[in-house]
Amino acid sequence: MTSQRCGVPSVSTQQRINGCIADKNTIKLSARHDSDDGSSMLEFCCGFVQSGPGCLVLMLVLWGPVAGGTNVVIQKDAQFNVTYYDTVTSDNQTIYSYNHTVSRNKTEGVRVSVELLSESAQSPVLFVVRQKQAVLSFQVPLILRGLYQRKYQYTQVGRTLCQPPMKVRSEMQFFYIDVSTLSSAGIHYQLRVSRVDSFTLQTDKKFSFNATPSQPQFFNYVFPDGVDTVIVKVNSQKNFPCSVMSIQDIQCPVYDLDNNVAFIGMYQTMTTTSAITVQRKDFPSNSFYVVVVVKTEDEACGGPLRFYPLLPDELMDAGNRSKTLDVIVSPAINSDVYVMGMLFCFGIFLSFYLLTFLVACVENKRMNRKREGLLNPADTSPAETASLLGKPPVSPYEYGSFADNTSTLSSEAVTDSLASTQGNYGYIDRSLETVGRSRQESLSSVEEDDYDTLADIDSDKNIVRTKKFLCVSDLARKDKRILSKKYQIYFWNIATIGVFYALPVIQLVITYQTVVNVTGNQDICYYNFLCAHPLGALSSFNNILSNLGYVMLGLLFLLIILQRDILHNRALERNDSTALECGIPKHFGLYYAMGTALMMEGLLSACYHVCPNYTNFQFDTSFMYMIAGLCMLKLYQKRHPDINASAYSAYACLAAVIFVSVLGVVFGKGNTVFWIVFSVIHILATMLLSTQLYYMGRWRLNSGILRRMLYVIYTDCIRQCSGPMYIDRMVLLVMGNIVNWSLAAYGLIKRPNDFASYLLAIAICNLLLYFAFYIIMKLRSGERIKCLALVCILFTAVVWGFALFFFFQGLSTWQKTPAESREHNRECILLSFFDDHDIWHFLSSIAMFGSFLVLLTMDDDLDTVQRDKIYVF
């Protein structure tokens, strides 16, 4: 090593900077000093910098001491892997000169490590590294800022030098490290420059390293031939300290500090796991840098937030923030896997179209045989047999405790009510042909309101709907055209809602994806990064593709409903007595709405998975609420066609549910007041709905409600102890209230963070409860479930079980920070393309389709039973 010392005279009369002459690769600065004893010229070359401030830094560093007086410049020829202990003051400046051979085929990393040995230095020491095409400068102690302007001081700094691409095969390059300070007292420091042997990462080879906030690390990776996409994984055994993994292009400078790592490239915070999929097309040089930075604070990763400093300029103790990490780069899937995944997705759902076609052919053949009288009479249900023999079926209320007459009405009143109803609206004494003719004659009434607002008819409703034993004929008295028009509004309304809802959603998620692609901030979207396969501008194509099942099966269900609707209309046109007056009334409007809702769920779920996060989760759940609500309405409509809710009131209630869901997502997290208000509203809504269902809508909510409640309590509980008139309804409603009150109590006590899923769980629990009640009461009424419906029930139950298993795997969660969410990420498990959540999409779409088929076919056994022999429950 050689050392040169030279005295630089002070500037006496003038100092003139002649210019900054720049060519393609270098910037040459020259300055002339005129003094009494002669003139001297000092020229130096610095690496090309991309902006004026870089050149200004060099000028200040090199010329600052000159302006202050006599300055001693010490130049040393330094060597790699040698530690230098030196002292620097404002009167002397040290320049370390290094040289090394750089090859185009072999990228070699160079790391500069500095440690300040003096305590309580008055001024920081400035280190400037001048390379051929880059300049790196930093001060020691290094001050990094956290939230609320907290300052953290680091006396040990390590930086890796940038290595831009070379155009020649091999060349000798020099770089210089200038050390200076403005402190008058000597500051001791330690300097070491070493080669990074594992600077270039190898495919499928794990490499371990340490990093701190002041000692970041970055490595180079070159795409091998035949590999267009790789996935970079960084793992650690410790959650904290919080760190950042960034992918940057091969250019200088490299942004590898906490305060600038987000400036370019792709980046994401991490605790124990981080993964970024990188495509060759995004990097023209066919290589990139993997940058790992440890943050000064853990708040971004869900860690505790440090206390606020008492004084604005007080330095915080950073503590031990060293972290050991592993990095591995693996090839991602190729185009063949993409094609296989898409073919599998289409194939599995097209098979349902084929299966439906085969079932339809078999069913059509069976119906033809039945018409020819070849069907086995043993296949008919007890209810059908009773209908054919002209005998009424056994009442479900003759079993067990239901045989007790607990009505508060007198036996005479019940008898009169039944006699009045049978005399005017029954179907026992009338032939089917007579009913068909009367139906043709009654088609002059086209408005439901004209029928409902007559005073005598309203009075008759009170008589009919308050009977103890109701049949479907009692609640299917309105004209079919009016009801068909009423229920068809469900379909048109949900189609309109879907269009107006989906268009801004699509626009918004496209904007989200654009922001992610432009900024590189992968903390915006909560993907399963270990199984997120990009396609075009989409970051996770597999999560979008797996939603295809909702759309295809929803369309298939619409086709099935259309076929049934056409057959039913043809039967009505030829005055088929069975279609006119037998079985559950056929109204297909709600079925059309259900199929449309399933298709919209697939579309909006795909939109949500374009960039899943906290703000757009309602895209994925809104139509789930719709589906749950429509299924409950359809189940109720089956035996209550005249008194089911209108489309306007139903969608208004569902809109209120979605509104509450948004409020819960935004304000519900840890907010006790919100949960108290919601629980009260939940319980009150349950009680009001229970009253509406129990009295079949024949009650009024007005100022006299309290007086009537007290009167009922006095007459039924105090004056005489009598049980409820409608026992079955009471059993259902009591169970429903127990379930809903329990859910309200759970929400108030636990206050779950995922309010949207909690609200959806309430809807699903009520739907399952009502469905179970319907099945039990159907069997108690002597009805049976046909083979096709039974197969659908069993198949759907099994699929739901498997679907829920994959749903609860929890591959990501926006309830936590993005870094904490990535701790739940897992590898692909199906065809190296689909993850657990994709399988949930497959199975849940199949299960929903099966659930719709159960609703459609579960009452097919009643198609030949007269409606006055089908009981309401």
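The preceding data block contains the structure.
Keep in mind it's a predicted model, so treat the numbers as computed, not measured. (Residues numbered from 1 in each chain as written. Predicted model: local features only at pLDDT ≥ 70, side-chain atom pairs only at ≥ 80, totals over all residues. Heavy atoms only, no water.)

A. Representation of the overall build of the chain within the structure. Looking only at helices and strands, the chain features 21 helices and 24 strands. Expressed as a percentage of the 873 residues in the chain, the buried residues total 49%. Pairs at least 24 residues apart make up 80% of the contacts formed inside the chain by residues separated by at least 6 positions. Carbon and sulfur atoms form 61% of the exposed surface of the chain, whose accessible area is close to 41800 Å². (Helix = DSSP H or I, 4+ residues; strand = E, 2+ residues; numbered from the N terminus. Buried < 20%, exposed > 50% of the residue type's maximum accessible area, 1.4 Å probe, protein only. Contact = heavy atoms within 4.5 Å. Areas by Shrake-Rupley, 256 points an atom, 1.4 Å probe, with all protein chains shown as cover.)

B. Quick look at the state of the cysteines. Across all of its chains, the model carries four disulfides by this definition. The disulfide that involves C242 links it to C301, with 1.8 Å between the sulfurs. Measuring the twist about the S-S bond at about 50°, one finds the C242-C301 disulfide to be right-handed. Taken as a pair, C242 in the loop between β18 (229-236) and β19 (243-249) and C301 in the loop between β22 (287-294) and β23 (315-316) lie far apart in primary sequence, 59 residues in all. An identical accessibility class is assigned to C242 and C301; each is buried. Across the disulfide from C525 sits C611; the S-S distance is 1.9 Å. Taking the torsion about the sulfur-sulfur bond, which here is approximately -95°, the covalent link between C525 and C611 counts as left-handed. One end of the pair, C525, is in the loop between α8 (480-519) and α9 (541-545); the other, C611, is in the loop between α12 (589-610) and α13 (618-637), and 86 residues separate them in sequence. As far as burial versus exposure is concerned, C525 and C611 are alike and both buried. (Disulfide = S-S within 2.5 Å.)

C. Up close: the nonpolar core. Counting 113 residues, the largest nonpolar core has Y490, F557, L630 and Y651 as its most contacted members. Every residue in contact with Y651, bar those within four places of it in the chain, is listed here: Y490, N493, I494, I497, A593, M626 and L630. A78, F80, F138 and Y189 belong to the second largest nonpolar core, which has 32 residues in total. (Core = buried A, V, L, I, M, F, W, Y, C linked by side-chain atoms within 4.5 Å.)

D. Quick look at the environment of L470. The topology assignment puts L470 in the loop between α7 (455-465) and α8. A relative accessible area of 2% places L470 in the buried class. For the pair L470 and D868, spaced 398 residues apart in the sequence, the C-alpha separation amounts to 8.7 Å.

E. Up close: the sheet that holds strand β13 (residues 156-160). Judged by pairing direction, the sheet is antiparallel, and its four strands sit side by side in the order β6-β15-β8-β13 without closing on themselves. In this open sheet, the two strands that pair with only one neighbour each are β6 (83-88) and β13. When the angles between neighbouring strand axes are averaged without regard to direction, this sheet yields 20°. Here five bridges tie strand β8 (residues 109-116) to β13, and the two strands are oriented antiparallel to one another. Counted as the bridge partner of S113 is G158 from β13. (Pairing = 2+ DSSP bridges. Axes fitted to C-alpha atoms, helices over the stretch in contact; angles between N-to-C directions.)

F. Here's a closer look at the pattern of salt bridges. Tallied over the entire structure, the rule returns 21 salt bridges. With a shortest N-O distance of 2.9 Å, K233 and E827 are connected by a salt bridge. Placement of K233 in strand β18 and of E827 in the loop between α20 (818-821) and α21 (836-857) is noted, with a sequence separation of 594 residues between them. Assessed through its relative accessible area of 40%, E827 is described here as partly exposed. Residues joined by salt bridges that share partners form a network here, namely K638, R639, K778, E783, D859 and D861. (Salt bridge = Lys/Arg side-chain N within 4 Å of Asp/Glu carboxyl O.)

G. Region of interest: the pairing of strand β9 (residues 125-130). When you tally the buried positions in β9, you get five out of six residues, the bulk of the element. Between β9 and the antiparallel strand that follows it, strand β10 (residues 135-140), lie four residues. The pairing of β9 with strand β14 (residues 170-181) spans six bridges and is antiparallel. Its bridge partner being in β14, V129 is matched across the sheet by I177.

H. Structural context of the sheet that holds β23. Spatial ordering of the open sheet is given by β11-β12-β23, a layout of three strands whose pairing is mixed. Each having just a single partner strand, β11 (142-145) and β23 make up the two edges of the open sheet.

I. Examining the packing of α8 against helix α14 (residues 647-667) more closely. Contact geometry for α8 and α14: axes closest at 9 Å, N-to-C directions at 40°. If you check the angle between α8 and α14, you find them oblique. Seen from above, α8 lies across α14 with right-handed handedness. Between α8 and α14, the residues in contact are I489, Y490, N493, I494 and I497 and A647, Y648, A650 and Y651, respectively. Of the residues that constitute the contact of α8 with α14, the class distribution is eight nonpolar, one polar and no charged. (Parallel < 35°, antiparallel > 145°, perpendicular 65-115°, else oblique. Left-handed = near helix turned anticlockwise from the far one by under 90°. Nonpolar A, V, L, I, M, F, W, Y, C, P; charged D, E, K, R; others polar.)

J. Seen up close, the environment of L116. Relative to the helices and strands, L116 resides in strand β8. On the basis of relative accessible area, L116 is assigned to the buried category, the value being 8%. As a C-alpha pair, L116 and Q156 span 40 residues in sequence and 6.6 Å in three-dimensional space. Look past the residues within four positions of L116 in its chain and what remains in contact with it is A121, V125, V140, P141, T155, I187, H188 and Y189.

K. Examining α21 more closely. Here α21 contains 22 residues, and its C-alpha end-to-end distance of 31 Å stays within 8% of the 32 Å for a straight helix at 1.5 Å per residue. For α21, the tally of buried residues reaches 20 of 22 residues, placing the bulk of the element in the interior. (Expected span 1.5 Å × (residues − 1).)

L. Seen up close, a nonpolar patch on the surface. Side chains of I676, V680, L684, M687, W741, L748 and I749 sit close together on the surface and give an oily, nonpolar patch of about 660 Å² of accessible area. For the nonpolar patch, the secondary-structure elements that each account for two or more residues are α15 (672-694) and α17 (727-750). Looking at which element gives the most residues to the nonpolar patch, the answer is α15, with four residues. With respect to the helices and strands, M687 occurs in helix α15. (Patch = residues over 30% accessible without salt bridge, like charges linked within 9 Å, V, L, I, M, F, W, Y side chains within 5 Å.)

M. Region of the structure containing unusual backbone geometry. With an omega of 10°, the peptide bond running from F240 to P241 counts as cis. With an omega of 0°, the peptide bond running from C252 to P253 counts as cis. Relative to the helices and strands, P253 is located in the loop between β19 and β20 (266-270). At N81, a position not held by glycine, the phi torsion is positive, near 60°. Within the secondary structure layout, N81 lies in the loop between β5 (71-77) and β6. With relative accessibility at 42%, the residue N81 sits in the partly exposed group. A positive phi angle is found at L831, which is not glycine, with a value near 60°. Residue position: L831 is located in the loop between α20 and α21.

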